[in-house]
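Understanding the architecture of this molecule
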Amino acid sequence: MPFPKTWVEELLVEWLHLEGFLVEANLPVCVSQAGGRYEADIIGARIVNNTLEIRHLESGSLLGGQTGATSLIKKKFSSKICESVTNYFARRLSFSSNQISYKKYYIPTYSSKPVLQALKDTDVTVEPLPGFISKIILPTIRNWKQNPPHLPKARGKYVTLPDSYWMLKLVDYLDSNNLLNI
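Residues numbered from 1 in each chain as written. Predicted model: local features only at pLDDT ≥ 70, side-chain atom pairs only at ≥ 80, totals over all residues. Heavy atoms only, no water.

**Quick notes on the overall build of the chain**
Let me state the cut-off plainly: Helix and strand definitions follow DSSP, with helices as H or I runs of at least four residues and strands as E runs of at least two, each counted in order from the N terminus. With the radius of gyration taken over C-alpha atoms, the globule rule is written as 2.2 Å times the number of residues to the power 0.38. Buried residues are those whose accessible area, probed at 1.4 Å on protein chains only, stays under 20% of the maximum for their type, while exposed residues exceed 50% and partly exposed ones sit between those limits. Counted as positive: Lys and Arg. Counted as negative: Asp and Glu, with His and the chain ends omitted from the count. Every charge is mapped onto a representative atom, which is NZ of Lys, CZ of Arg, CG of Asp or CD of Glu.
Across its full length, the chain holds 6 helices and 5 strands. The linear arrangement of helices and strands in the chain, starting from the amino end, is α-β-β-β-α-α-β-α-β-α-α. Its C-alpha atoms give the chain a radius of gyration of 18 Å, near enough to 16 Å, the size a compact globule of 182 residues would have. When its C-alpha atoms are laid out on the principal axes, the chain stretches across 60 × 40 × 25 Å. Across the 182 residues of the chain, 43% fall into the buried class. Each charge sign in the chain was given a centre, from 21 positive and 16 negative side chains, and these centres are 2 Å apart.

Here you go:
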């Protein structure tokens, strides 16, 4: 797996791992007509109840105009890219059924209200980073800590995330010490 390019992408990779997904960062998905290569930022996949669940996450800023943001979203989640991602994970996981759940997320680090409003009618969940952390990542951390895959050796001990989830550990630390202003 290539390294995520930004700290936000690292946070998203760790979140998907904690959710039980096989995760790829910067997955090559297609080639442009000019010869450049498109990559999907973060993709997670898992098989649950004979359904291939795919989570496609893109991040960045959405500070341009409404038309530019809509164009960006359409480009990042084009049918050609989504088909490439689906085919990649179906092959990788030896999945032959046609039951597929494909969810698309754009997590802007910076955005404007008019741009966010313009994107409400797309099939992409657009959730600014603070909301994504508070509504999605923090509940995942709390749930994992309440139901860890293994219990601490001594009862009553504090359950911590694995050390490899350094961004999630930072979010958990800030949350546990009431340092998040969300």
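**Some points on helix α3 (residues 79-92)**
This is how the line gets drawn: Expected span, for any helix, means 1.5 Å times one less than how many residues it has. For this analysis, residues touch if any pair of their heavy atoms sits within 4.5 Å.
Compared with the 20 Å implied by 1.5 Å per residue over 14 residues, the 20 Å span of α3 between its first and last C-alpha is a close match. Inspection of α3 places Ile81, Cys82, Ser84, Val85, Thr86, Phe89 and Ala90 among the buried residues, and these make up the whole buried set. Packing partners of the buried residues in α3 comprise β1 (22-31), β2 (37-48), β3 (51-62), α2 (66-76) and β4 (100-111). In the segment just after α3, Ser94 is the residue with positive phi, at about 50°.

**Considerations on the environment of Ser111**
Within the secondary structure layout, Ser111 lies in strand β4. Residues Ser111 and Thr86, 25 residues apart in the sequence, show an inter-C-alpha distance of 29 Å.

**A short note on the packing of aromatic side chains**
To be explicit about the condition: Stacked, edge-to-face and tilted labels apply to pairs of Phe, Tyr and Trp rings (six-membered ring for Trp) whose centres lie within 6.5 Å, assigned for plane angles under 30 degrees, over 60, and everything in between, in that order.
In this structure the tally under the stated criterion is 3 aromatic pairs. Relative to Phe132, the ring of Trp15 has its centre 5.2 Å away and its plane inclined at 80°; by these criteria the two rings are edge-to-face. A residue pair is termed long-range when its members are at least 10 positions apart, and Trp15 in helix α1 (residues 7-18) and Phe132 in helix α5 (residues 129-146) qualify at 117 residues. For the pair shown, Trp15 and Phe132 are each scored as buried.

**Section: the packing of α1 against helix α6 (residues 166-176)**
Put simply, the rule reads: Comment: axis = line fitted to C-alpha atoms, over the contacting stretch for helices; angle = value between 0 and 180 degrees taken between N-to-C directions. Should an angle fall under 35 degrees it is taken as roughly parallel, and over 145 as roughly antiparallel, whereas 65 to 115 is taken as roughly perpendicular and any remaining angle as oblique. Under the scheme applied, nonpolar residues are Ala, Val, Leu, Ile, Met, Phe, Trp, Tyr, Cys and Pro; charged residues are Asp, Glu, Lys and Arg; polar residues are all the others, including Gly.
Between α1 and α6, the least distance of the axes is 8 Å, while the angle of their chain directions is 90°. Considering their axes alone, α1 and α6 lie roughly perpendicular with respect to each other. Seen from α1, the contacting residues are Trp7, Glu10, Leu11, Glu14, Trp15 and Leu18; seen from α6, they are Trp166, Met167, Leu168 and Val171. For the contact of α1 with α6, the residue count by class is 8 nonpolar, no polar and 2 charged.

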